[in-house]
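# Understanding the architecture of this molecule
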Amino acid sequence: MDSSPLQVVTVPTAPYPDQSPGTCGLRKKLYVFQSRRNYLHNFIQSIFSSIDLRDRQGSTMVVGGDGRFFNQTAIQVIVQMAAANGVGRLIIGHHGLMSTPAISCVIRKYKAIGGIVLTASHHPGGPNGDFGIKFNTANGGPAKEAITNKIFQISRTIEEFAICPGLHVDLTVLGKQTFDLENKFKPFAVEIVDSVESYANLLRNIFDFAALKELLSGKNRIKIRLDAMHGVVGPYVKRILCDELGCPVNAAINCVPMEDFGGQHPDPHPIYAADLIDCMKDGQYDFGAAFDGDGDRNMILGKHGFFVTPSDSVAVIADNIFCIPYFQQTGVRGFARSMPTSAALDRVAKATKIELYETPTGWKFFGTLMDAGRLSLCGEESFGTGADHIREKDGLWAVLAWLSILDTKRKSMKDILTDHWRTYGRNYFARYDYENVDIDAACEMMEDLEITIADKSFVKQRFAVEDKMYHVEKADNFEYTDPVDSTISRNQGLRIVFTNGSRIIYRLSGTESEGATVRIYIDSYEKEQIFEDTQVMLAPLATIALKISQLHERTGRSGPSLIT
């Protein structure tokens with residue numbers, strides 16, 4: 001322990017009006033955090049002040065990030081402010097790195113009161129990239145809206161913050177560091193922990209590692225290719241898939257975390273992970289996967305780069321859930337998907353008579369259901385899949401779930417999906433993103449669109465495109481009443497549901513660092529035509545979606561920035 005106590009000081013500050021944490025926390029361009037005086041300090045103090053002093057004093061919290069530029073600088077500030085705000089112990093990942101799923105795991109393991117996650121998820125890093133801060137609560141999941149609202153309200157009126165400026169933590173050395181402070185909160189401890197081990201041990205208790213090792217390194221092994229995209233999940237892939245499960249070292253690429261993700265977009269998406277798809281096209285690999293910057297999202301591929309949509313991925317895992325030993329022991333309590341995600345999961349739930357929950361976008365809604373023992377497996381169309389082992393989506397868990405299915409089925413990915421579609425029909429699905437749209441134009445369009453679909457005459461309306469006819473069955477602004485705590489979430493997206501099960505969804509994104517993003521989700525259900533081109537099958541509904549919304553005319557755009 002240091003011999004001289006460290007001074008705690010109170011620093012005057014002025015509030016900023018734009019520190020509202022969205023679905024994934026406070027996400028801004030990095031220059032905002034760097035150039036605005038005390039911008040980081042204000043938000044961190046708002047997080048600490050949102051926690052009652054009696055709960056905070058002497059408590060344990062977890063801190064980690066995806067390793068992007070500014071990660072270590074922010075951690076030092078968080079450490080100094082945690083000490084000054086009465087936190088008793090911080091658990092921090094080695095070098096400040098810890099995947100979002102691992103942070104959830106560690107919060108739960110150490111019974112921490114929460115954790116601060118430094119990530120901008122799948123958004124670019126580096127000096128010109130994005131930075132983000134998210135607060136997770138004691139269940140290991142993202143803070144609920146009541147808490148994020150409280151943080152925001154504090155940030156709008158903040159006048160001072162507490163900090164211990166002389167405190168510095170060595171993030172390179174594993175083990176415990178203690179500090180004596182010149183206040184009643186002492187001593188203060190920081191534990192630098194192996195970022196991988198607790199999480200790896202959790203996975204060992206979920207999956208049959210012996211069977212997976214045989215699948216990946218035995219006589220009849222399959223060949224896989226994993227792309228960590230220079231995000232934080234790289235060391236997890238190396239340790240768990242290569243060292244423990246026997247994958248060849250060269251099966252895992254881009255596994256060294258970089259502050260700028262190697263200059264690439266750390267997004268597990270067919271466009272940004274094009275190198276992975278290209279190297280799989282010749283058929284030498286049976287399975288492929290990519291992960292995002294903080295390790296919670298995943299993209300799943302089969303031989304020849306066969307793409308599995310996230311909506312199909314969670315549905316197939318649900319249909320084969322007992323291939324995973326964990327669920328053989330716990331049973332299955334329920335399935336859930338976010339509202340914009342395709343209804344493929346619904347058909348599995350109906351066939352298996354398992355409860356299905358349709359929630360707003362945001363993992364916190366799944367966490368509430370899990371905490372109440374109502375939910376086992378869930379997914380979002382934005383490349384997120386997970387289960388009740390933690391309270392975050394989990395990219396590596398999804399990969400091991402798929403490998404467990406491959407081990408049981410001994411079929412190709414394409415054959416497994418084909419069997420699934422023959423049984424349940426196919427939900428052709430895509431998301432059309434219009435990025436950096438003028439926010440006023442976007443809001444006006446959404447307001448007018450809601451008026452249009454709310455008109456009683458809109459229901460039962462028919463839309464014809466070529467030889468296709470669609471009958472509107474229902475149209476609304478999605479509202480969710482939580483079955484556990486009865487909280488109501490309104491204005492979660494405009495949806496049009498047709499009598500054949502197809503859907504059009506419109507949403508304004510709340511997690512972008514600049515501008516507005518309008519998203520149109522097209523979910524076209526087909527019982528018989530299951531082998532057609534996705535964009536061809538979606539074209540009629542896409543035409544209808546643009547006609548109803550007048551999006552191109554209202555925003556000046558001629559097409560989407562991105563189609564997923």
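Higher on the page you've got the structure.
In this report, the structure presented in the accompanying data block is examined.

The rules behind each value
Residues numbered from 1 in each chain as written. Predicted model: local features only at pLDDT ≥ 70, side-chain atom pairs only at ≥ 80, totals over all residues. Heavy atoms only, no water. Pairing = 2+ DSSP bridges. Helix = DSSP H or I, 4+ residues; strand = E, 2+ residues; numbered from the N terminus. Axes fitted to C-alpha atoms, helices over the stretch in contact; angles between N-to-C directions. Polar contact = N/O pair within 3.5 Å; in protein donor to acceptor, adjacent residues only side chain to side chain. Salt bridge = Lys/Arg side-chain N within 4 Å of Asp/Glu carboxyl O. Buried < 20%, exposed > 50% of the residue type's maximum accessible area, 1.4 Å probe, protein only.

### Observations concerning the sheet that holds strand β10 (residues 224-227)
Spatial strand order, β11-β10-β12-β13-β14: five strands in an open sheet with mixed pairing. In this open sheet, the two strands that pair with only one neighbour each are β11 (252-253) and β14 (306-308). One ladder, built from two bridges, connects β10 with β11; its direction is parallel. When the bridges of β11 are listed, Leu-226 appears paired with Ala-252.

### Concerning the sheet that holds strand β18 (residues 384-387)
Strand order in the open sheet formed by four strands is β16-β15-β17-β18, with mixed pairing between adjacent strands. Two strands bound the open sheet, and with one partner strand each, they are β16 (356-359) and β18. Geometrically, the sheet is characterised by an average inter-axis angle of 15 degrees between neighbouring strands, direction not taken into account. Summarising the sheet, strand β15 (residues 335-338) and β16 pair through four bridges and their orientation is parallel.

### What to know about the side chain of Asn-427
The topology assignment puts Asn-427 in strand β19 (residues 426-437). A polar side-chain atom of Asn-427 sits 3.2 Å from a polar atom in the side chain of Arg-347.

### Some points on the pattern of salt bridges
As enumerated under the stated definition, the model contains 32 salt bridges in all. The salt bridge involving Glu-358 is made with Arg-337; its shortest N-O contact spans 3.2 Å. Of this pair, Glu-358 sits in strand β16 while Arg-337 is found in strand β15, placing the two residues 21 residues apart along the sequence. The class of Glu-358 is partly exposed, set by a relative accessible area of 22%. With relative accessibility at 3%, the residue Arg-337 sits in the buried group.

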